[in-house]
Amino acid sequence: MLELQLTSGESENFFHVTVTGQLESARFPMGPDGSGLFCRYDIVAGPDWELVSGLRSAVTQSARTESDYRTVVFNMPIEFTMKSTNPYGWPQIVFSLYGANIWNVETNRGYARLHCPLGGSGNGSSAERTLRAPLFIPKYSNLCSAAMSWISGVNPEMRDPKILVDGSKHKGLACETYGELVVRLQTISRGTSQMALDWGQTHLDDPVLR
């Protein structure tokens, strides 16, 4: 278990959250719409959160379906530690999936996001959770642009996928959902009891947190 070393007095001003786990796979009901899939993830948190260790963003290797045509396995490790003065802006992870179309052109294959699971009460650690994040693909609302996208096999892409954590910024976005990402995460909290913070999650049994 990862232990966090706090300097004198720091535990009174900050609490730390360590998230470990992995992006396991992408699953599609009738197989992926494309080949050579890879995924990028970005950690997004509120203004009071600071990344202490780990990567804020990373990219998986390119992967293809094997025995199970519905599943693309990534097994991409995710590990980072953040500190904050308050829980507002709890860390979220935004995923961007890409792959080649029939013309061998790289294009967007979906976006997903999820909140990192809460840690245990006080300074305890939570059990590892399996999270399933639906993948959605943006679509053109204009019929002409939609027809060109269908012919070319190139889907519209977001300039900044991190806007997905703010519902007011992507309100009215036209999209369709196909497939899901399977992610396993565990959260360890440190310094919460000194700040009188209690997540109330000790006996939470729900394996899915969105």
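Please refer to the structure higher up on the page.
The notes below deal with the structure included here. Predicted model only: the values in this text are computed from it and were never measured.

### A word on the nonpolar core
In terms of nonpolar packing, the biggest core is built from 32 residues, with Leu23, Phe74, Ile78, Ile93, Phe95 and Leu181 touching the most fellow members. Sorting the residues of this core by element identifies β1 (15–27), β2 (35–44), β5 (71–84), β6 (92–100), β7 (106–115), β8 (129–138) and β9 (175–190) as the ones contributing at least two each. In terms of residue count, the dominant contributor to this core is β5 (6 residues). Excluding residues that lie within four positions of it along the chain, Leu181 makes contacts with Leu23, Ser25, Ala26, Cys39, Phe95, Ala112, Leu131, Arg132, Ala133 and Leu135. Judged by nonpolar contacts, the second largest core, of 8 residues, contains Val94, Tyr98, Phe136 and Met158.

### Topic: the environment of Ile188
Of note, Ile188 is situated in strand β9. Residue Ile188 is classed as buried on the basis of its relative accessible area of 8%. Residues Ile188 and Thr81, 107 residues apart in the sequence, show an inter-C-alpha distance of 9.2 Å.

### Some remarks on the layout of surface pockets
The space that makes up the second largest pocket amounts to roughly 200 Å³. The wall of the second largest pocket is formed by Val44, Ala45, Gly46, Pro47, Tyr88, Gly89, Trp90, Gln92, His115, Val165 and Asp166. Classifying every residue of the lining of the second largest pocket gives 6 nonpolar, 4 polar and 1 charged.

### Some thoughts on the pairing of β5
Counting buried residues along β5, 10 of its 14 residues qualify, which places the element largely inside the surrounding structure. Two elements, β1 and β5, share 12 bridges in a ladder whose sense is antiparallel. Bridge pairing in β5 links Ser25 to Val73. Taken together, the 4 bridges between strand β3 (residues 50–54) and β5 define a ladder with antiparallel strand orientation. Following the sheet pairing, Leu51 is matched in β5 by Met82.

Scoring rules and cut-offs
Residues numbered from 1 in each chain as written. Predicted model: local features only at pLDDT ≥ 70, side-chain atom pairs only at ≥ 80, totals over all residues. Heavy atoms only, no water. Core = buried A, V, L, I, M, F, W, Y, C linked by side-chain atoms within 4.5 Å. Buried < 20%, exposed > 50% of the residue type's maximum accessible area, 1.4 Å probe, protein only. Helix = DSSP H or I, 4+ residues; strand = E, 2+ residues; numbered from the N terminus. Contact = heavy atoms within 4.5 Å. 1 Å grid on protein atoms, 1.4 Å probe; cavity = no way out; pocket = protein on both sides within 12 Å on 5 of 7 lines; lining within 4 Å. Points joined across faces, edges and corners; volume = space filled by probe spheres on them. Nonpolar A, V, L, I, M, F, W, Y, C, P; charged D, E, K, R; others polar. Pairing = 2+ DSSP bridges.

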